[in-house]
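# Geometric and topological summary
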Amino acid sequence: MSTRLAALLKNASDSAKGSHVIRAVDVKKVYKMGDSETHALRGVTLDVRRGEYLSIMGPSGSGKSTFFNMIGGLDKPTAGKVYIDQVDIAQLDPYELAWLRCRKVGYIFQMFNLIQVMSCIENVMLPMSFAGKDSEEARDRALEILEMVGLRERALHKPGEMSGGQQQRVAIARALAVQPSILLLDEPFSALDKNLRLDMQIEVKRIQRTAGTTTILVTHDQEEALSMADRVAVLSKGKLEQFAPPTEIYDAPGSLFVNTFVGAANVLSGTVAGTDAGGNWVRLPSGETLRARQPHPAIAEGTRVSICLRPEHLDVATTGNDGIAGIVEMGLPLGASIVHEVRIADGTAIKIATPRSPGIVPLAPGTAVRVSSTVPATIFPQN
Ligand SMILES: Nc1ncnc2c1ncn2[C@@H]1O[C@H](COP(=O)(O)OP(=O)(O)OP(=O)(O)O)[C@@H](O)[C@H]1O
Ligand SMILES: [Mg+2]
């Protein structure tokens, strides 16, 4: 290691801000191809605490892999700063950056990136060789970790002789081999079938817990993001929409985008009709009113809003006058639950998911019903 890098790392570890292992400050990335520019990141700021499990989610093209490359020191931002272990990576020359990456970070890429001419075991040994580990030791460790991912007997096979899921497991083994203090995973489990995916998810979670490895997972899979992470970052069009613990993302979405992207939501249009100690009242075009949570900042009376109602927070009744009137269009028994689709006066179809007890069948199409919400709706001002 260069003495300059040693000094940078020493200063960093002496710093009082040592609890943040990665910090991104107003990170922007523009890809230029001829005359066209893609603004892949439009100013993302977030910090990752030591030992934390962070999930990055967002639709295809939202900038997840681009952000992954920035915080992993694989690419430099067009503007803004990235700190890995308090070191501003912009200060490092390519050799220093490679040193930091080899020793601190384990990567699992969306496209595996295995070296095709090398066997499994050689692929797994590679980062250990880069880190200067004795080759005997590296071989033993590679076999141990291949055993863990169930591929010891395939150690001498080349990636081209293996299935997608097996190659992904080799990539996972390679990332874990150096016992990195930061583990970066870009869609790591997408090629695995359900049981293997669960085994690998548990394994990564176990490593994060026992070794205190800071883990950053990029995923499309909502269940994976919400169930495994301490905090979730939701990206949309290169911007950070929300950065919060999973339950907060689900229960108190910060934007209409997050509300509809994470979990399911029915979206209605309405107007804020009034405010009291319990929150807001909103009025639908049909005149019916609903309770809504008081958002921050508060929304003035008369403002047009989008009203979000999650299917599992709705109930459907064939009697009474409370709630929104509608007609059942379809009812689907889904084993443990029933989903009804109900068309309301403004023409919107609302989905309602209710638990199903044995013997309960869906309501017939054409049945007149009332739809009520068991929790206050979430509202966002319309532009
Ligand atoms: N090397 C590149 N050159 C030009 N444009 C790029 C490059 N890499 C990514 N982009 C563009 O930047 C935007 C963000 O891409 P990115 O790969 O970060 O998305 P993603 O969220 O990882 O998507 P996915 O879920 O499909 O993997 C996209 O519009 C993409 O086309
Ligand atoms: Mg990607």
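Calculation notes
- Residues numbered from 1 in each chain as written.
- Chains lettered and ligands numbered in written order.
- Predicted model: local features only at pLDDT ≥ 70, side-chain atom pairs only at ≥ 80, totals over all residues.
- Helix = DSSP H or I, 4+ residues; strand = E, 2+ residues; numbered from the N terminus.
- Buried ≥ 20, exposed ≤ 12 C-beta atoms within 10 Å, placed from the backbone.
- Contact = placed C-beta atoms within 7 Å.
- Pairing = 2+ DSSP bridges.
- Axes fitted to C-alpha atoms, helices over the stretch in contact; angles between N-to-C directions.
- Near = placed C-beta within 6 Å.
- Core = buried A, V, L, I, M, F, W, Y, C linked by C-beta atoms within 7 Å.

### Considerations on the overall build of the protein
- Counting secondary structure elements, the protein contains 10 helices and 20 strands.
- Each of the 383 residues in the protein was classed as buried or not, and the buried ones make up 37%.
- For the protein, the proportion of contacts with a sequence separation of at least 24, taken over those separated by at least 6, is 65%.

### Focus on the sheet that holds strand β14 (residues 304-309)
- Read across the sheet, five strands follow the order β13-β12-β11-β14-β20 without closing on themselves; strand pairing throughout is antiparallel. Unpaired on one side and paired on the other, β13 (289-292) and β20 (378-381) mark the two borders of the sheet. For this sheet, the mean inter-axis angle between neighbouring strands, taken without regard to orientation, is 45 degrees.
- Relative to strand β12 (residues 279-283), strand β11 (residues 266-276) is paired through five bridges, and the arrangement is antiparallel. Residue pairing across strands places aspartate 276 opposite glycine 279, the latter belonging to β12.

### Here we look at the site of ligand 1
- Around ligand 1, the structure places 14 residues, and the nearest of them are Tyr31, Ser60, Lys64, Ser65 and Thr66.
- Looking at which element gives the most residues to the shell around ligand 1, the answer is helix α2 (residues 64-71), with three residues.

### Here we look at the nonpolar core
- Within the largest apolar cluster, 69 residues are counted, with the highest numbers of intra-cluster contacts made by Val124, Leu146, Ala173 and Val234.
- Among the elements that make up this core, the one with the highest residue count is helix α6 (residues 164-177) (seven residues).
- Leave out the neighbours within four places in its chain, and valine 234 touches Met57, Gly58, Glu241, Gln242, Ile249, Val258, Phe261 and Val262.

### Let's talk about the environment of leucine 309
- Within the secondary structure, leucine 309 is located in strand β14.
- On the basis of neighbour count, leucine 309 is assigned to the buried category, with 26 C-beta atoms found within 10 Å.
- Spatially, the C-alpha atoms of leucine 309 and isoleucine 379 are 9.1 Å apart, while their sequence positions differ by 70 residues.
- Contacts of leucine 309, omitting those with residues within four sequence positions, involve Ala265, Asn266, Leu314, Ser373 and Ala377.

Fair warning: the whole summary comes from geometry, so function is off the table for now.
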